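These are the residues of each chain, in order.
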Amino acid sequence: MSPGSPSSPASTSETRSARGAAPKRGALRRAYDWLDDRLGIGENILPVIQHPVPRNVNWWYVFGSATLVAFIFQVITGVALAFTYVPAPNSAYQTLQFITHQALLGKVVRGIHYFGASAMVILIALHAARVFLMGSYKYPRELSWLTGSLLLLLTLGMAFTGQLLRWDQDAYWAVVVAAEQAGRVPFVGPILVQIVVAGQTVGGATLTRFYATHVFLIPAAMFVLIGIHLYLVVRHGISEPPVAGQPVDRKTYQQRYRELIAHGIPFWPDAAWKDVVFALAVGAVVVLLAIVVGAPELNKQADPTEIQANPRPDWYFLWYFALLSLLPAGLENVVIIGAPLLAGLILLALPLIAPTGERSPARRPWAVVAVVIPAVAIAVLVREGVESPWSPRLPPPHFPAEFRAQYSGSAAAGLALFETESCSSCHAIAGTGGRKGPDLTTVGARLSREQLTTRILNGGGGMPAYGNTLTPDETASLVAFLSAQTGGPPRR
Amino acid sequence: MSVGLSGLAGAVVSVPILSYLLSPLLRPEPPRWIDVDDVSKFEIGKTVLRSIVEFSPLPWAGQTAQTAIWVRRTATDEFIVFAVNCTHLGCPVNWQEQAQIFLCPCHGGVYYADGTVAGGPPPRPLFRYQARIQGTTLQVRSLGLQVATP
C-alpha cells in the first residue's frame, strides 16, 4: 500500500482474514459482533458490569452477592426437589423420604437446600449489618435499604414456610403455633387463624397453600425486589467505605461520589473477584456439609393424633421460640404482635429517620450497640432454645438404679412417686429430671418438712397444687424422700 | 383512560382470584354433632385420647383429617371434652394419669384435670367441645382450631 491511498482499518482486517490468517477467530468475532449489534452488549450490558466503583471497596462488601448466590442455589435445588416432592398431606412425607434415601444423590440435593437456607439467613443478616454499620442506607440509597428490608422479611418467610413443607411432626405443630400467634391480633385474630390454616382447622388445604406460598408467591416477590435492588445498586453505585468526619450531605454527596469513581476501578473484574471467591467458598461449604453431614432426618410423619410431640422450629427461629417461652405472663400479646411490627417499622423507617449525617461507625456508637446487642441476644436465645430448660421432660425421667438403691421404706416410696406424679418432668435431682422448676438436689437442706409439705400441697409459681391428688401417706413419703436430698455423699 | 380501563380489568379479574384464595373463609362448614365412641368405652374418672373427623375432609387430606381430643368422664352421664391444643400457642398437651395434670412440652404450661391453668404461660383454661350423649354414643360439636384472642 502506498501512502496516500485510501485504506480503512476495516478493509485491512477483512483483507487479512480474507488471506486466511485466522479464519476461526474471524467467524467468532463476526458472531459476537452480530449478537452485540442485536443485544447491545457493548452498549448497555458491559458498561453495567464494568461500572466504576470506589478503589477502596473491601472484603466487607462480599455479603450481598453471596446472599444472591445462596438464593440462586436455593432456587435451583428447590426446582430439583419439586421434580419429586408432592405437596399433599399423605405424599409429602413419603416423597421427601424417597428423595432423602432412594433418589440418586437426592440426599445431597436436599442437603444443599437445607444448608443453603441456613447460609442465606446468615448471609443476609451479615449483609444487613454491614450496610447498617457503614451507613450505606443513607442518601441516596434509601430505597436500596427499603427493598433490602423487605427481602430480609421475605427470606425469613421462606425459611419458615420451607420447614413446614417437610410435613413432619415439627412442621405440623409449627403451623398450629403460627396460626395461634396470628390469632393473638385483637378483633381479627380468629379470621387470621383460618387464613393461615386455610380452613377451620389444619387439613388437606393447608399444606398446598404453604407450598404455593413457598414456591411461587414469595419467590416471585423476591425476584421483583432483587431486580429493583440490583438496579438501584448500579444506579447509585456501590457506596464507598465511610470516613469519620465526612457526613452525608444531600447537597454535596453526589458530586463527591462522582469525583471518587472518576478514578475508581471497574466492578468487573477488579472488584468482583472478591465476590466470586467468597461466593465460591460459601458454595463449597454448603455442598461439603450436604455431602458429609446431609439434610436432617425427618421427624415422625405429621399426625394430629400423635400427642407425644416436642415441636421445635429450625435453628434460625429458635431465638424467637426461646423469647416467647421466657416472657413474663401478660406481656405475650404485646410481644407476639407488637415486637415484629415494631421491628418491621424500625427497619422500614430507618432511611427516613436518618438519611444524612455521619456514616462511619466510629462516629455512630449507638449504631454499633444496635447491632451488637441484638446479635448477642439472638445467639444466647438460640442456645437457650436448643436446651429449652422450660420444657417439661416427657415422659417423666426415671432415676438410675444406683440412685434408687440408696433409699428404702418411706423414702423409696417417695422416690417412686416423684417419678409417677411427674415431679421429675420439671424438677431435677442429682442430674436426673427436667429443669423447668428449681433443682431439688439440696432441697432437704433448704426447706423444712413443713415447707416441703406446704409447697407440694399448694403448688405456686408455675407448679400445680397436688393437694387434691395425693393422699396424706403419699405426701409424707414424698417429703421423706425430699428431706433426704441434702446434696451430701450418697447414703449407705 | 387506558390506566382506568386497566385498573378496571384488574379489579374484575381479582374478584374470582381473591374469592378462590379466601374460599375457606367464605364457605365455612356449619357446626355439626360428631360421634366419638360408645359411652361404655369410657371409665368414670379417667381422661383418654380420642380422634374425630371434625370437618368434611378433602380427599387428599390423609391423616390431617383427624383432630385429637381429650375425653374425661366425670360421672355416668357427664363428659368434659378438651381440645388438645394448649391455650398458650397451640402445642398438644400431654395427660399425666398419675399426677392428674396436663403438661405442655413447648413452654411448660400445666393444667389440672378440669382444664384450669395450674401454672406456666397459658392465658386461659383448655378449650372445651360441647358434648352430649345421643342414645349410647358420646357426641361432640365441631369446633375448629381455637385461639386465645385478647
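Keep in mind the model is a prediction, meaning the values are calculated, not measured.

Cut-offs applied
- Residues numbered from 1 in each chain as written.
- Chains lettered and ligands numbered in written order.
- Predicted model: local features only at pLDDT ≥ 70, side-chain atom pairs only at ≥ 80, totals over all residues.
- Helix = DSSP H or I, 4+ residues; strand = E, 2+ residues; numbered from the N terminus.
- Rg over C-alpha atoms; globule rule 2.2 N^0.38 Å.
- Buried ≥ 20, exposed ≤ 12 C-beta atoms within 10 Å, placed from the backbone.
- Pairing = 2+ DSSP bridges.
- Axes fitted to C-alpha atoms, helices over the stretch in contact; angles between N-to-C directions.
- Domains from an automatic or database assignment.
- Contact = placed C-beta atoms within 7 Å.
- Nonpolar A, V, L, I, M, F, W, Y, C, P; charged D, E, K, R; others polar.
- Expected span 1.5 Å × (residues − 1).
- Bend = angle between axes of the 7 residues up to and from the residue.
- Core = buried A, V, L, I, M, F, W, Y, C linked by C-beta atoms within 7 Å.
- Parallel < 35°, antiparallel > 145°, perpendicular 65-115°, else oblique.
- Left-handed = near helix turned anticlockwise from the far one by under 90°.
- Arc of directions from axis to C-beta.
- pLDDT = per-residue confidence, 0-100.

Student: Any chance you could break down the overall build of chain B for me, citing the residues and the numbers?
Tutor: Each helix and strand in chain B was counted, giving two helices and 11 strands. Walking chain B from its N terminus toward its C terminus, one meets helices and strands in the order α-α-β-β-β-β-β-β-β-β-β-β-β. Over its C-alpha trace chain B gives a radius of gyration of 21 Å, far above what one expects of a compact globule, namely 15 Å for 150 residues. Counting only C-alpha atoms and orienting by the principal axes, one finds that chain B spans roughly 75 × 40 × 25 Å. Expressed as a percentage of its 150 residues, the buried residues of chain B come to 41%.

Student: So, the sheet that holds strand β8 (residues 117-119) of chain B: which residues are in play, and what are the values?
Tutor: Residue and element names in this part refer to chain B. Spatially, four strands are ordered β5-β6-β7-β8 in an open sheet, and the strand pairing comes out antiparallel. Two strands in the sheet have a free side with no partner beyond their single neighbour: β5 (94-96) and β8. On average, each strand axis in the sheet is tilted by 35° relative to the strand beside it, whichever way the strands run.

Student: Which residues make up the sheet that holds strand β11 (residues 137-141) of chain B, and what are the values?
Tutor: Residue and element names in this part refer to chain B. Strand order in the open sheet formed by three strands is β1-β11-β10, with antiparallel pairing between adjacent strands. Unpaired on one side and paired on the other, β1 (33-38) and β10 (131-134) mark the two borders of the sheet. The average undirected angle you get between the axes of adjacent strands in this sheet is 35°. With five bridges connecting them, β1 and β11 associate as antiparallel partners. Its bridge partner being in β11, D38 is matched across the sheet by T137.

Student: So, the pairing of strand β3 (residues 66-75) of chain B: which residues are in play, and what are the values?
Tutor: Residue and element names in this part refer to chain B. As paired strands, strand β2 (residues 47-53) and β3 are joined by seven bridges and run antiparallel to one another. Following the sheet pairing, V48 is matched in β3 by V71. Linking β3 back to strand β4 (residues 78-83) in an antiparallel pair, the connection comprises two residues.

Student: Explain the domain arrangement of chain A to me, using residue names and the numbers behind them.
Tutor: Taken domain by domain, chain A holds domain 1 (49-387) and domain 2 (401-483). Between domain 1 of chain A and domain 2 of chain A, the C-alpha centre-to-centre distance is 46 Å.

Student: Summarise the environment of S23(B); cite the residues concerned and give the values.
Tutor: Following the sequence through the fold, S23(B) ends up in helix α2 (residues 23-26). Expressed as a C-alpha distance, the spacing of S23(B) and G109(B), which sit 86 residues apart in the sequence, is 34 Å.

Student: Could you give me a rundown of the interface of chain A and chain B, with the residues and numbers involved?
Tutor: Frequently, the measure chosen for interface size is the accessible area that the parts lose on association. Opposite the 55 residues of chain A that make contact, chain B presents 47 residues. Of all the secondary structure elements, the ones that give two or more residues to the side of chain A that touches chain B are α5 (89-101), α8 (169-182), α9 (189-197), α10 (204-236), α13 (315-326) and α14 (332-353) of chain A. Looking at the side of chain A that touches chain B element by element, the count peaks at seven residues for α9(A). When grouped by side-chain class, the residues that make up the side of chain A that touches chain B number 28 nonpolar, 21 polar and six charged.

Student: Account for helix α1 (residues 2-21) of chain B, with residues named and values stated.
Tutor: All names here are of chain B. Helix length check: α1, at 20 residues, gives a terminal C-alpha distance of 28 Å against a target of 28 Å (1.5 Å per residue), a fit within 8%. Taken as a whole, α1 carries its principal kink of about 30° at S14; the proline P16 stands between one and four residues after it. For α1, a buried count of zero out of 20 residues is recorded, marking the element as mostly open to its surroundings.

Student: Pulling in residues and values, what's your account of the nonpolar core?
Tutor: The biggest cluster of nonpolar side chains holds 107 residues, and the ones touching the most others in it are A70(A), V175(A), A179(A) and I69(B). Dropping the residues within four chain positions of it, I69(B) is found in contact with R50(B), I52(B), V81(B), F82(B), A83(B), V84(B), Y129(B) and V140(B). In terms of nonpolar packing, the next biggest core, distinct from the first, is built from 18 residues, F399(A), V443(A), L452(A) and F481(A) among them.

Student: Requested: an account of the packing of helix α4 (residues 63-82) of chain A against helix α12 (residues 267-292) of chain A, with residues and values cited.
Tutor: All names here are of chain A. Running from N to C, α4 and α12 point in directions that differ by 40°, and their axes come no closer than 9 Å. Relative to α12, the element α4 lies oblique. Note on packing geometry: the crossing formed by α4 with α12 is right-handed. Residues S65, A66, V69, A70 and F73 of α4 touch α12, and the partners they reach there are D275, F278, A279, V282, G283 and V286. Classifying every residue of the contact of α4 with α12 gives eight nonpolar, two polar and one charged.

Student: So what's going on with α9(A)? Which residues, and what values?
Tutor: An α-helix turns once per 3.6 residues; consequently, residues spaced three or four apart project the same way. G189(A), V193(A), Q194(A), V196(A) and V197(A) are the residues of α9(A) that are buried. Around the axis of α9(A), the buried residues are gathered within 160° of arc, so they sit on the same side. At its buried positions, α9(A) is contacted by α8 and α10 of chain A together with α2 of chain B. Of the residues flanking the end of α9(A), it is A198(A), one or two places downstream, whose phi is positive at about 55°.

Student: Explain the packing of α13(A) against helix α15 (residues 365-387) of chain A to me, and be specific about the residues and the numbers.
Tutor: Residues and elements named next belong to chain A. Close contact between α13 and α15 brings their axes to 7 Å; oriented N to C, the two are set at 85°. Put simply, α13 runs roughly perpendicular to α15. Across from W315, L318, W319, F321, A322 and L323 in α13, the residues of α15 making contact are I378, L381, V382, E384, G385 and V386. Its residues placed into classes, the contact of α13 with α15 shows 10 nonpolar, one polar and one charged.

Student: Give me the lowdown on the environment of V197(A), citing residues and values where you can.
Tutor: Along the chain, the position of V197(A) falls in helix α9. We classify V197(A) as buried; it has 24 C-beta atoms within 10 Å. In this structure, the C-alpha to C-alpha distance between V197(A) and L207(A), residues 10 residues apart in sequence, is 8.3 Å. Aside from chain neighbours lying at most four places away, what touches V197(A) is V175(A), A179(A), V202(A), T206(A) and L145(B).

Student: Tell me what's going on with the confidence of the model for chain A, and back it up with residues and numbers.
Tutor: Chain-level statistics for chain A give a pLDDT mean of 89 and a share of 94% at 70 or above. Across residues 1-13 of chain A the pLDDT falls below 50, and counting only partners more than four positions away or on other chains, this stretch makes two contacts in the model.

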